[in-house]
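Notes for the structure review
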Amino acid sequence: MAKPLLEMSAARVFFDGIFTSPRVAHPEGVAIHRDASIWCGTETGDLLRLAADGSSVERMGCQDI
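Residues numbered from 1 in each chain as written. Predicted model: local features only at pLDDT ≥ 70, side-chain atom pairs only at ≥ 80, totals over all residues. Heavy atoms only, no water.

1. With respect to the pairing of strand E1 (residues 28-32)
- With 0 of its 5 residues buried, E1 lies for the most part at the surface.
- Where E1 meets strand E2 (residues 38-41), 3 bridges bridge the pair, whose relative direction is antiparallel. Its bridge partner being in E2, Glu-28 is matched across the sheet by Gly-41.
- Turn length for the E1-E2 hairpin, with the two strands adjacent in sequence and antiparallel, is 5 residues, and the turn residue Ala-36 shows positive phi of about 80°. (Buried < 20%, exposed > 50% of the residue type's maximum accessible area, 1.4 Å probe, protein only. Helix = DSSP H or I, 4+ residues; strand = E, 2+ residues; numbered from the N terminus. Pairing = 2+ DSSP bridges.)

Here is the structure:
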């Protein structure tokens with residue numbers, strides 16, 4: 001079994017989006033922008049931008065069906 005890169009004690013929650021609007025549920029395609037903001041898609045088709053310091057989340061786009 002491969003040795004982990006970091007010990008679990010080094011892990012922390014950066015952003016808990018369970019109760020935010022928009023909700024950050026099952027982020028996918030996570031990318032970090034040059035300005036250190038974090039972008040991801042969600043299972044509901046939203047494109048989200050999280051502030052670099054984890055203080056906010058913003059819906060940048062959504063999938064219209």
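2. Description of the environment of Met-60
- With respect to the helices, strands and loops of the structure, Met-60 is situated in strand E4 (residues 57-61).
- Measuring from C-alpha to C-alpha, the distance between Met-60 and Leu-47 comes to 5.5 Å, with 13 residues separating the pair along the chain.
- If we ignore the near neighbours within four places in the chain, the residues touching Met-60 are Trp-39, Leu-47, Leu-48 and Arg-49. (Contact = heavy atoms within 4.5 Å.)

3. Structural notes on the pattern of salt bridges
- One pass over the structure, following the stated rule, counts 2 salt bridges.
- Arg-49 serves as the salt-bridge partner of Asp-35, at 3.5 Å between the closest nitrogen and oxygen. Here Asp-35 is found in the loop between E1 and E2, whereas its partner Arg-49 is found in strand E3 (residues 47-50), with 14 residues between them in sequence.
- Among the residues examined, Asp-35 registers a relative accessible area of 41% and is labelled partly exposed.
- By relative accessible area, which is 22% here, Arg-49 ends up partly exposed. (Salt bridge = Lys/Arg side-chain N within 4 Å of Asp/Glu carboxyl O.)

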